[in-house]
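# Structural overview
Residues per chain, in single letters:
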Amino acid sequence: MTILLSLFLGTLYYDVSIDISGFQNRMGLFFFILTYFGFVTFTGLSSFAQERLIFLKERSNNYYSPLAYYISKILSDVLPLRVIPPILMTIIVYPLIGLNNGDNALLKCILILVLFNVGIALEILSLGIMFESLNNSIIASVLVLLASILFSGLFINTQELTNIVFKDLKNVSIFYYAYESLLINEVKTLMLKERKFGLNIEVPGATILSTFGFQVQNLIFDLKVLGLFNIIFLIIGYLALRWIVIEQR
């Protein structure tokens, strides 16, 4: 599915231009990719819901510890499904669309998407572990995902947020850090050329990024935050599995 979608995106955005409309296309492309990977992680909810009763039964019989199950779940389910697809998609769309490949941008894009995809998968898995009902876990996951998308920086300029609650929501949005880092990685060195009313205009990509509320110097910071999200949700998921998913005695 990822390969087919990558070919579709590569055809849709083929040979993207280096102008204002090309900047808009890049923003749309990266946002769509993040949204796709975000919602695909919902498969982890149904997967754990099917395994919950088996896990309870086998743990009650001391077949294995919660840690053993959790590690096997991460190694056999989360990592293969959340690491391989971003790599495949990036390798396909980059040459077709003609994205910026200077300064190892392709490798950085892969790193960003892998960190995001694993992080959001662990977040959704943690919610699936916390809620016994599959329907409740889906509702909670949708709300969390939509809140994270809302404060990603596309729908509202995060630099103009003055309410402390809204700022905090932006700070915990994994979409925001992934989206900002992808845009920085792509357009910070581009010089966008536009011809309007007979005039040739050149605008640095970094300048346009700043008008959208993104900080060009935050690439390394965003990568660190994405890595931190992975660690936090990894721990939360294990603690939820150990202390919430317990058998009735």
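Report on the accompanying structure. (Residues numbered from 1 in each chain as written. Predicted model: local features only at pLDDT ≥ 70, side-chain atom pairs only at ≥ 80, totals over all residues. Heavy atoms only, no water.)

### A look at the side chain of Ser6
Within the secondary structure, Ser6 sits in helix H1 (residues 2-12). Within the structure, Ser6 has its side chain in polar contact with the backbone oxygen of Thr2 (distance 2.7 Å). Each residue touching Ser6, except ones within four places of it in the same chain, is listed here: Met89, Ile92 and Val93. (Helix = DSSP H or I, 4+ residues; strand = E, 2+ residues; numbered from the N terminus. Polar contact = N/O pair within 3.5 Å; in protein donor to acceptor, adjacent residues only side chain to side chain. Contact = heavy atoms within 4.5 Å.)

### A short note on the pairing of strand S2 (residues 199-204)
Of all the 6 residues making up S2, 0 are buried; the element is thus mostly uncovered. Note: strand S1 (residues 191-196) against S2, 6 bridges, orientation antiparallel. Bridge pairing in S2 links Met191 to Pro204. (Buried < 20%, exposed > 50% of the residue type's maximum accessible area, 1.4 Å probe, protein only. Pairing = 2+ DSSP bridges.)

### Considerations on the packing of aromatic side chains
Applying the stated rule across the entire model yields 18 aromatic pairs. Relative to Tyr179, the ring of Phe31 lies with its centre 5.7 Å away and its plane at 70°, an arrangement referred to as edge-to-face. Placement of Phe31 in helix H2 (residues 20-40) and of Tyr179 in helix H8 (residues 174-187) is noted, with a sequence separation of 148 residues between them. In this structure, Phe31 and Tyr179 share a single accessibility class: buried. Over the ring of Trp243 we find Arg242; its NZ or CZ atom is 5.4 Å from the centre of that ring. (Phe/Tyr/Trp six-rings, centres within 6.5 Å; stacked < 30°, edge-to-face > 60°. Lys NZ or Arg CZ within 6 Å of the ring centre and 35° of its normal.)

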